[in-house]
Amino acid sequence: MFASVLSAVIMGMEVHPVQVEADVSDGLPSFTMVGFPSAQVKEAQDRVRTALKNNKIALPPKRITVNFAPADIKKQGAGFDIPVAAAVLAAAGIFESESLKGVMMAGELSLNGEIQAISGILPIVIRAREEKCRFCIVPAGNMKEAGLVPDMKVIGVRNLQEMIRFLKNPDSYKEDPIPQSVEYKETDDADFCDIRGQKSLRRAVEIAVSGFHNLLMIGPPGAGKTMVARRIPGIMPPLSFEESLELTKIYSIAGLLSEADPLVRERPFRSPHHTSSAQAMAGGGKNPRPGEITLAHRGVLFLDEMPEFSRRSLEILRQPLEDRVIRISRVSGTYTFPADFILCAAMNPCPCGYYPDMNKCRCTSGQVTGYLNKLSQPLLDRLDLCADAEQVSFSSLNGNGGECSSVIRKRVERVHEVQRERYKKEKIQFNGELQGKQIEMFCTTEREAAVLMEKAFEQMGFSARSYHRILKVARTIADMEGADIIRRQHVGEALSYRAFEKKYWI
Ligand SMILES: [Zn+2]
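Note that this is a predicted model, so its numbers are computed, not measured. (Residues numbered from 1 in each chain as written. Predicted model: local features only at pLDDT ≥ 70, side-chain atom pairs only at ≥ 80, totals over all residues. Heavy atoms only, no water.)

Novice: What am I meant to see in the overall build of the chain here?
Specialist: Of the regular secondary structure elements, the chain holds 22 helices and 18 strands. In terms of principal-axis extent, the alpha carbons of the chain reach across some 85 × 50 × 45 Å. Here the chain holds 506 residues, and the buried ones make up 52% of them. Restricting to contacts in the chain with at least 6 residues of sequence separation, those with at least 24 account for 73%. Entry remark: accessible area of the chain is about 22,800 Å², with carbon and sulfur atoms responsible for 50%. Counting 66 positive and 62 negative side-chain charges, the chain places the centres of these two groups 3 Å from one another. (Helix = DSSP H or I, 4+ residues; strand = E, 2+ residues; numbered from the N terminus. Buried < 20%, exposed > 50% of the residue type's maximum accessible area, 1.4 Å probe, protein only. Contact = heavy atoms within 4.5 Å. Areas by Shrake-Rupley, 256 points an atom, 1.4 Å probe, with all protein chains shown as cover. Lys, Arg positive; Asp, Glu negative; His and termini not counted. Charge placed at Lys NZ, Arg CZ, Asp CG, Glu CD.)

Novice: Teacher, can you tell me more about the domain arrangement of the chain here?
Specialist: Note: interface size is frequently given as the accessible area lost on complex formation between the parts. For the chain, the domain assignment lists domain 1 (2-172) and domain 2 (192-392 + 400-503). Domain 1 and domain 2 are separated by 44 Å when their C-alpha centres are compared. Across the contact, 16 residues belong to domain 1 and 19 residues belong to domain 2. Regarding the contact of domain 1 and domain 2, the summed buried area is about 1,600 Å², with carbon and sulfur atoms giving 68% of it. Contact with domain 2 buries area across many residues of domain 1, yet Gly12, Met13 and Leu148 alone supply 36% of it, more than any other trio. At the boundary of domain 1 and domain 2, one finds five residue pairs in polar contact (both at pLDDT 80 or more). Elements supplying a minimum of two residues to the side of domain 1 that touches domain 2: strand E1 (2-11), helix H4 (121-130) and helix H5 (143-146). At four residues, H4 tops the list of elements feeding residues into the side of domain 1 that touches domain 2. The residue makeup of the side of domain 1 that touches domain 2, split by class, is nine nonpolar, five polar and two charged. (Domains from an automatic or database assignment. Buried area = accessible area lost by both parts, 1.4 Å probe. Polar contact = N/O pair within 3.5 Å; in protein donor to acceptor, adjacent residues only side chain to side chain. Nonpolar A, V, L, I, M, F, W, Y, C, P; charged D, E, K, R; others polar.)

Novice: Sorry if this is basic, but what is going on with the pairing of strand E3 (residues 30-34) here?
Specialist: Consecutive residues of a regular strand have side chains that alternate between opposite faces of the sheet. What you see with E3 is a clean split: Phe31 and Met33 sit on the buried side and Ser30, Thr32 and Val34 on the side with no burial. Bridge count between E3 and strand E4 (residues 63-69): five bridges; the pairing is parallel. Paired with Thr32 across the two strands is Thr65, which belongs to E4. (Pairing = 2+ DSSP bridges.)

Novice: Even after reading the chapter, I still don't get the nonpolar core, so can you show me in this structure?
Specialist: The nonpolar side chains of a soluble globular protein tend to be buried with one another. Val84, Met105, Ile137, Met163, Leu216 and Trp505 are the most contacted members of the largest nonpolar core, which has 116 residues in total. With nine residues, the top contributor of residues to this core is helix H3 (residues 81-91). Per-domain counts for this core show at least three residues from each of domain 1 (2-172) and domain 2 (192-392 + 400-503). If we skip the residues at most four places from it in the chain, Trp505 touches Leu216, Ile218, Met347, Leu372, Asn373, Leu375, Leu380 and Phe500. Grouped together as the second largest cluster of nonpolar side chains are 53 residues, Leu201, Ala208, Val228 and Ala478 included. (Core = buried A, V, L, I, M, F, W, Y, C linked by side-chain atoms within 4.5 Å.)

Novice: What am I meant to see in the sheet that holds strand E14 (residues 300-303) here?
Specialist: Two pairing modes exist for strands in a sheet, parallel and antiparallel, and in both the strands are linked by backbone hydrogen bonds. Sheet architecture is open: five strands sit in the order E11-E14-E17-E10-E18, paired in parallel fashion. In this open sheet, the two strands that pair with only one neighbour each are strand E11 (269-270) and strand E18 (385-388). Summarising the sheet, E14 and strand E17 (residues 342-347) pair through four bridges and their orientation is parallel. Bridge assignment links Phe302 to a residue of E17, and that residue is Cys344.

Novice: Even after reading the chapter, I still don't get the pattern of salt bridges, so can you show me in this structure?
Specialist: A side chain with one charge can pair with a side chain of the opposite charge if their charged atoms come near. Under the counting rule described, the total for this entry stands at 28 salt bridges. Residue Arg127 is joined to Glu131 by a salt bridge in which the shortest nitrogen-to-oxygen separation is 2.9 Å. On the accessibility criterion, Arg127 (23% relative accessible area) is partly exposed. We note a salt bridge from Arg270 to Glu292, for which the minimum N-O separation is 2.8 Å. A residue pair is termed long-range when its members are at least 10 positions apart, and Arg270 in strand E11 and Glu292 in helix H11 (residues 292-295) qualify at 22 residues. A single network of salt bridges, built from pairs that share partners, joins Glu322, Arg382, Asp384, Arg465 and Arg469. (Salt bridge = Lys/Arg side-chain N within 4 Å of Asp/Glu carboxyl O.)

Novice: What am I meant to see in the coordination of the zinc ion here?
Specialist: For the zinc ion, the full set of protein donor atoms is Cys350 (SG), Cys352 (SG), Cys361 (SG) and Cys363 (SG), and the range of their distances to it is 2.1 to 2.4 Å. Classification of the site at the zinc ion as tetrahedral follows from its four donor atoms and the range of 107 to 112° in their angles at the metal. Positions of the donor residues of the zinc ion along the chain correspond to the pattern C-x1-C-x8-C-x1-C. Here Cys361 and Cys363 have matching classes, each one buried. (Donors = N, O, S within 2.8 Å, 3.2 Å for Na, K, Ca; no water. Tetrahedral: all angles 85-135°; square planar, octahedral: opposite > 155°, others 65-115°.)

Novice: Looking at this structure, I do not really get helix H9 (residues 241-253). What am I missing?
Specialist: For the α-helix, the turn length of 3.6 residues means that residues three or four positions removed from each other point alike. In this model, H9 (13 residues) spans 18 Å end to end at C-alpha, consistent with the 18 Å of a helix rising 1.5 Å per residue. Residues Glu243, Ser244, Leu245, Leu247, Thr248, Ile250, Tyr251, Ser252 and Ile253 constitute the buried set of H9. Gly255 sits one or two positions beyond H9 and adopts a positive phi of about 70°. (Expected span 1.5 Å × (residues − 1).)

Novice: Where do I start with the packing of aromatic side chains in this structure?
Specialist: Here a ring pair, both rings aromatic, is described through the centre-centre distance and the interplanar angle of the planes. Under the defined criterion, the tally for this structure stands at seven aromatic pairs. Ring centres 5.4 Å apart and planes at 85° place the aromatic pair Phe135 and Phe166 in the edge-to-face group. One end of the pair, Phe135, is in strand E8 (residues 135-139); the other, Phe166, is in helix H6 (residues 160-168), with 31 residues separating them in the sequence. With relative accessibility at 5%, the residue Phe135 sits in the buried group. Judged by relative accessible area, Phe166 falls into the buried class, the value being 5%. For the pair Phe212 and Phe430, a centre-to-centre distance of 4.8 Å together with 10° between the ring planes defines the contact as stacked. (Phe/Tyr/Trp six-rings, centres within 6.5 Å; stacked < 30°, edge-to-face > 60°.)

Novice: What's the story with the packing of helix H20 (residues 464-481) against helix H21 (residues 488-496) in this structure? I'm lost.
Specialist: Two quantities define a packed helix pair, namely the angle between the axes and the distance from one axis to the other. One can describe the packing of H20 onto H21 by two numbers: an axis separation of 8 Å at closest approach and a directional angle of 125°. Of the possible angle classes, the one that applies to H20 and H21 is oblique. At the point where H20 passes H21, the crossing takes the right-handed sense. Where H20 abuts H21, its residues Ile470, Val473, Ala474, Ile477, Ala478 and Glu481 lie against Gln489, His490, Val491, Glu493, Ala494 and Leu495. A class-by-class count of the residues in the contact of H20 with H21 yields eight nonpolar, two polar and two charged. (Axes fitted to C-alpha atoms, helices over the stretch in contact; angles between N-to-C directions. Parallel < 35°, antiparallel > 145°, perpendicular 65-115°, else oblique. Left-handed = near helix turned anticlockwise from the far one by under 90°.)

Given below as structure tokens:
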């Protein structure tokens, strides 16, 4: 007898439906799997067989063949255990093969018949809805995650017996309402009002967040660079439900969701250590998984001690900083992951940390140059703003903190609103994303501003890329002031955030 059920394989961010077919026929008893299963998927037959035996379900001594279609995609992951079990059981006549029609299932089986939660359930259930499936069967541990998808019936099963009981008699099943709440709690107690002093740094951070620009903070150790960085997500507008779902999908594929509260509600703040490999940053593996830069999507990627990162780990950022996606090539194809984040980097100006304060700096000029040159020019060109983190003075330590995050966030939200309105016909949201023709179209400058730009371009020898980036930052500064046209003072301020190249990189 023959039976088949739908499952899926995840490649990069994409879900490919896979038909799992089973045939049980007369002949020498055997269990064969065909249709390009990976070694891990092939092991499903041992798990299925043992789990069935331990649940006192005997398979007939016949020839069992399982086929995965289409054959040209490699089947990976542990999610094929329960569809294989279900197809084989239906083909062996344990329940009607009709009951598997229009059903999508995925889940891992342990030897005692328990069904284990797997990563990537959310995108699989979303795909099931697109495929117009009747319902999905998922591990009970993935139930809350699967329940985030509206308009899709999902059944959570704890073990093999429960799955069989349900498939024998689907009508007996009573749907448990899945509690769905999309409350956003205020981010933890990290608030900008804790930051003393740092007026210019705070201003640079607000510009960066307002226009989605990248930021480099330079300053001596202990100036509070990390403290400032950690507070950036708190001044970004809360995620919309669609953005939450998009992030939950990424974290689901990465296997990083919490079972109890799977929805990602807060903007990510990723802070990979400087020993992180290029693969950990970009994402990798044979079947690539999201890396740090994808996990920072719609949030902040914080690189503390930037020059300490390996050259390869840093250079890999260049393409995603331009395209806002990362492409990873494998023999099996090219995978694209979203990577639209604010890069916030921090560094000491020299190995000891106190350059250019010559009273304190103990480094030779060769050491300083060597340290700064760890960052390549093309990478520096991609950092829109650079601000000094000042050593906190005693008087500012005792003074009051600055504005609270919620006050700054209100202003940021208003500037985002202006950009959304302006770019509603474009495929972008923020000034930081402007490219090519769009820059000419939307970054109109008054004459004096253009003159200043031209002068600076000649004197400071900017590359075309940094020229455009300065213009985009000026656009954001103008938006923060509610100005339609970019004025001289906006360009002037934007230029001041590029002065670092002259100050440090001499
Ligand atoms: Zn030094």
